[in-house]
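Spelled out, the chains give:
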Amino acid sequence: MPEYRTTAVILTIRDYGDIDRIVTFYTSDFGKVSGIAKGAKKSLKRFGAALDLFSHVDISFFTKETLSLVRINHCHLKQSFPSLHKDITSMSYGSYMAELINEMTAERVAHRELFHTLIKLLSLIDSSPFKEDYLRIFEMRFLVASGFRPTLTHCLDCKQKLEKGPRFWFNIPRGGVVCPSCALNKNNLHPVSLGTLKLLEQAGNLTLDKIERLNFSSQALEESREIMPHFVQYHLGKELKSLKFLEKIRG
Amino acid sequence: MIAEALNRLVRELTKLPSIGEKTALRMAFHIISLPRSEAQSLAQSIIEIKEKVTLCSVCFNITDCNPCSICESDRSNSDTICVVESPAHLAAFERTGQFKGIYHVLQGVISPLRNTSPDDLKIKELVTRLQQGKVKEVILAMNPTREGETTAIYLANIIKPLSLKVTRIAQGIPRGGEIEYLDESTLKSSLEGRREL
Ligand SMILES: [Zn+2]
Ligand SMILES: [Zn+2]
């Protein structure tokens, strides 16, 4: 059995039998990988404190081609993002990102850029004050990485560049924006201002080291909150539990 | 027909925690091999436990009488309340024989990934108990995992305004640990070394 080493973020952990745990990692080199951590529930000798949700870890694992589960050999904590759980909102932000990746990425398809985006945004949420902006930035970069980039720069129908006007309209099934003259029937369209569109577009374009400079106004947050999570769930084809949780605690 | 009944049993068994399809199938074949009386007794005991066992209306531990025997008994430290995730954790602390206070079972932890919010847990009920003024200290004894810590910090923030002493069990239990499976000395020392939040 060959042994592989990589760096990863822990997306989910569940008990398996009396003493084992099944852990799903998002790894830098192999994408999503699920593995069994033998004895992890009972003994902490081998994995120690490293096996915790959203931890950034170095792992090594064995794989057999016939099995979809790898066997986790070693797990070493690199970064625990300790502030994440100090507030249920920041905890739910981290959970949303992890759930999104877990639900929407295929097993063993590596995407380094997405991995680095996850680490970067978990670090940002971990450093206070954390902002809702980070969710919108993550969604946008996630959509770009998954090939679902929404069209935000020109009208889906008349193809005109969106340059001026107080309001445009986002169409979730069509994945983009239409201009006021093309938006005749506004059923199921979400209003969005030019400022918000530009912010989202930048969130998808900027290099990772520059994304924290983005600043969403309260209007931009309100508008994008009505669009991005719904757009993501539209592509996923189901509701995300952490999003429902976020709605519940927002009240 | 056999296949249908077997499938149904396997489906039901896989709903149990930690039971995968392979294990469920093995269990199902075992059940098929049992004498009728044993299978009947298994089925009967499942029904019986659902009929007899309820949640204690005070502490939300599982019990066959309400309030439960712990809530009814004279505990020597009844001004100290130990808040746990589950009846299994309560049982683990009771096995130490160390703790003479009372308990409150949350019936879970705050978990965005499972959409378990504070409103889904027995938190309001805990606050009501604390407001009655008999409790002086609250020990937060959730698992030292990400979700356990989230819950402990959330609870500490709502309990502190009530001017009560709030403590967290010691991190003698390493992060990622599971209370159910720790040895008694580790659990004892985690109670002794608890800290204020
Ligand atoms: Zn147009
Ligand atoms: Zn009770």
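Just so you know, these numbers come straight off a predicted model, no measurement behind them.

Caption draft 1: Molecular detail of the packing of helix H3 (residues 133-145) of chain A against helix H4 (residues 194-205) of chain A. Residue and element names in this part refer to chain A. Two elements in contact, H3 and H4, have axes separated by 8 Å at closest approach and are oriented at 60°. As summarised for this structure, H3 and H4 are arranged oblique, according to the angle between their axes. Between H3 and H4 the crossing geometry is right-handed. Each of Arg-136, Ile-137, Met-140, Arg-141 and Val-144 in H3 lies in contact with H4, whose residues at this interface are Leu-200, Ala-203 and Gly-204.

Caption draft 2: Broad picture of the interface of chain B and chain A. With 22 residues of chain B in contact, the opposing surface of chain A contributes 28 residues. Of the residues in the side of chain B that touches chain A, the class split is eight nonpolar, seven polar and seven charged.

Caption draft 3: Seen up close, the sheet that holds strand E6 (residues 165-168) of chain B. Residues and elements named next belong to chain B. Sheet architecture is open: five strands sit in the order E4-E3-E5-E6-E7, paired in mixed fashion. Whereas interior strands pair on both sides, the edge strands pair on one side only; in this sheet they are strand E4 (102-105) and strand E7 (195-196). For strand E3 (residues 80-84) and E4, the ladder comprises four bridges, and the chain directions are parallel. Looking at E4, one finds that Cys-82 is bridged to Tyr-103. Helix-sheet contacts for helix H5 (residues 87-96) involve E3 and E4, and the interaxial angle to E3 is about 135°.

Caption draft 4: Representation of the pairing of E3(B) within the structure. Residues and elements named next belong to chain B. The buried fraction of E3 amounts to four of the five residues, a majority that puts the element mostly inside the structure. Pairing of E3 with strand E5 (residues 137-140), which is carried by four bridges, proceeds in the parallel orientation. Counterpart to Val-83 in the pairing with E5 is Leu-140. Of the crossover connections in this fold, the one passing from E3 over H5 to the parallel E4 is right-handed.

Caption draft 5: Spotlight on the packing of helix H1 (residues 88-104) of chain A against helix H2 (residues 112-126) of chain A. Residue and element names in this part refer to chain A. For the pair H1 and H2, interaxial distance at closest approach is 10 Å and the crossing angle is 170°. By the angle between their axes, H1 is roughly antiparallel relative to H2. Residues Ser-90, Tyr-93, Gly-94, Met-97 and Ile-101 of H1 touch H2, and the partners they reach there are Leu-118, Leu-121, Leu-122 and Ile-125. Residues that form the contact of H1 with H2 fall into these classes: seven nonpolar, two polar and no charged.

Caption draft 6: Quick peek at the nonpolar core. Core analysis: the biggest nonpolar cluster contains 103 residues, and Val9(A), Ile10(A), Met97(A), Leu118(A), Val177(A) and Val83(B) have the highest contact counts within it. Broken down by element, the residue count for this core peaks at eight residues, all from H1(A). Setting aside residues no more than four positions away along its own chain, Ile10(A) makes contact with Val23(A), Phe25(A), Leu51(A), Asp52(A), Leu53(A), Phe54(A), Ser55(A) and Val57(A).

Caption draft 7: Broad picture of unusual backbone geometry. Cis peptide bonds are those with omega within 30 degrees of zero, and the linkage from Asn66(B) to Pro67(B) qualifies with -5°. Locating Pro67(B) in the fold gives a position in the loop between strand E2 (62-63) and helix H4 (69-72). Positive phi is not limited to glycine here, since Arg108(A) has a value of about 55°. Within the fold, Arg108(A) resides in the loop between H1 and H2. Given 15 C-beta atoms within a 10 Å radius, Arg108(A) is considered partly exposed.

What counts and what doesn't
- Residues numbered from 1 in each chain as written.
- Chains lettered and ligands numbered in written order.
- Predicted model: local features only at pLDDT ≥ 70, side-chain atom pairs only at ≥ 80, totals over all residues.
- Axes fitted to C-alpha atoms, helices over the stretch in contact; angles between N-to-C directions.
- Helix = DSSP H or I, 4+ residues; strand = E, 2+ residues; numbered from the N terminus.
- Parallel < 35°, antiparallel > 145°, perpendicular 65-115°, else oblique.
- Left-handed = near helix turned anticlockwise from the far one by under 90°.
- Contact = placed C-beta atoms within 7 Å.
- Nonpolar A, V, L, I, M, F, W, Y, C, P; charged D, E, K, R; others polar.
- Pairing = 2+ DSSP bridges.
- Buried ≥ 20, exposed ≤ 12 C-beta atoms within 10 Å, placed from the backbone.
- Right-handed = clockwise from strand over helix to strand, strands pointing away.
- Core = buried A, V, L, I, M, F, W, Y, C linked by C-beta atoms within 7 Å.

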